[in-house]
Amino acid sequence: MKKIKYIVFALLLTMALVLSACQPAATPEPAPVEEPAEPVVEEPAEPVVEEPEPVEEPEVVEEPEIGSAEHPIQVLFVPSVDVDFMISSGDLIAQALNEATGFFYKVSVPTSYAATIEEMCASPTDTIGFIPALGYALASQLCGVEPGLASVRYGWNVYWTEFVVARDSDYQTLEDLDGATWAFPDAGSTSGYLYPKAIFNDLGITIGEELEAGGHPQAVKAVYNGEADVATVYFSAPLLPEGEWKMGDNPDVPDEVVEECGPDADGKLFCGGYRVLDARAAILTEAPDVVQKVRILGLSGEIPNDTMSFSPEFPEEMKQLIMDAIIEYVGTEACDETLCNEKFYDWTGAAPIFDENFDGVRLLMEAQGITLENLGE
């Protein structure tokens, strides 16, 4: 029995081996292929940017308003008469205008007529110039200066050139002046230079030596001292004992009252009942006998009075207020100590004037080829 079991077991084992041998051999699994590693690309290092130091924004500084204490209006006067007196009067004028308008002013007297014009053009927004007709015509041509007011003197809105000579000289007519030494105030003066220059040319007069005196009083003084044969200065009509002086009347006082001429108690120049208002009165303090020593030889035609003009970009809204203040100021006693004084411009009134009033002056300038560049040549 045991033998049979053994045989069966052996037989089963043999069959298992046979079956195992008949099975196909198992295909070995391929070894896993490793994916190639992606190359490591290093990111470029970001540049280190240094933060700039903070820049401070410039502080915006607002321009002070024209007419404020920080930006006063410039007021310029040509040096035509007593410059020291004019300078000393400046603060009084500035104060009076400040009280009338609320604006602040700085008054100055430049060294010449040309310098006044140049300063007006160099400060186009804030300047007022008290300039004569020739100065205005040049300034309007140069940079567009505009007129505001013209002076009035004792009812006259015009004035004249007077030719003055020594009372004991032989000169009797303008034609006699050929070869004479000529003193004039400034090459920018209308009455002192432009008009007489044109008259000399028209009459064919060849002047000898020319002397730029530096002002109307100085030109009169040149004749008074014998330094010049003739001087050309401003003429304002005299006040007569009766009636009014008219064009064509004798510009000088009558011969019979000449010896009576001198200062009155108020320092005014009177000859009997005649009050002298021309340029001779400007040296009365130092030369009380000026009328006895200096006479009027002749006059020019009418000249527009001197102006108060505005720089080209002066604020329009301020002009009328200032002009009204000047007109009112001229009628006050305070003005008698400054602008209305004979040592200053002797204004007794002021009135509007317009650009076309200076066309005659422009014609004379053109005829003589006068420009700012060749003034006085």
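Caption draft 1: Structural detail: the overall build of the chain. When helices and strands are counted, the chain shows ten helices and 15 strands. Looking at the chain as a whole, 47% of its 377 residues qualify as buried. Here the chain displays about 20800 Å² of accessible surface, and carbon together with sulfur accounts for 54% of that area.

Caption draft 2: Representation of the state of the cysteines in the model. For the structure shown, the criterion picks out three disulfides. With its sulfur 2.1 Å from that of its partner, Cys121 forms a disulfide with Cys143. The chirality of the disulfide connecting Cys121 with Cys143 is left-handed, given an S-S dihedral of about -75 degrees. Note that Cys121 is positioned in helix 3 (residues 113-122) and Cys143 in helix 4 (residues 133-143), a separation of 22 residues in sequence. Assessed through its relative accessible area of 25%, Cys143 is described here as partly exposed.

Caption draft 3: Quick peek at the sheet that holds strand 10 (residues 269-271). Here we have three strands laid out as an open sheet, ordered 9-10-11, and antiparallel in their pairing. Each of the sheet's edge strands pairs with one partner strand only, and the pair in question is strand 9 (262-263) and strand 11 (274-275). Judged from the two bridges that link them, strand 10 and strand 11 form a sheet pairing that is antiparallel. Within strand 11, the residue paired with Phe270 across the bridge is Arg275.

Caption draft 4: Representation of the packing of helix 5 (residues 190-203) against helix 10 (residues 359-368). Interhelical geometry of helix 5 versus helix 10 gives an angle of 55 degrees and a closest axis separation of 10 Å. By the criterion of interaxial angle, the relationship of helix 5 to helix 10 is oblique. Crossing of helix 5 against helix 10: the hand is left-handed. Together, Leu194, Tyr195, Lys197, Ala198 and Asn201 of helix 5 and Val361, Leu364, Met365 and Gln368 of helix 10 make up the contact between the two elements. Residues that form the contact of helix 5 with helix 10 fall into these classes: six nonpolar, two polar and one charged.

So, how was this worked out
- Residues numbered from 1 in each chain as written.
- Predicted model: local features only at pLDDT ≥ 70, side-chain atom pairs only at ≥ 80, totals over all residues.
- Heavy atoms only, no water.
- Helix = DSSP H or I, 4+ residues; strand = E, 2+ residues; numbered from the N terminus.
- Buried < 20%, exposed > 50% of the residue type's maximum accessible area, 1.4 Å probe, protein only.
- Areas by Shrake-Rupley, 256 points an atom, 1.4 Å probe, with all protein chains shown as cover.
- Disulfide = S-S within 2.5 Å.
- Pairing = 2+ DSSP bridges.
- Axes fitted to C-alpha atoms, helices over the stretch in contact; angles between N-to-C directions.
- Parallel < 35°, antiparallel > 145°, perpendicular 65-115°, else oblique.
- Left-handed = near helix turned anticlockwise from the far one by under 90°.
- Contact = heavy atoms within 4.5 Å.
- Nonpolar A, V, L, I, M, F, W, Y, C, P; charged D, E, K, R; others polar.

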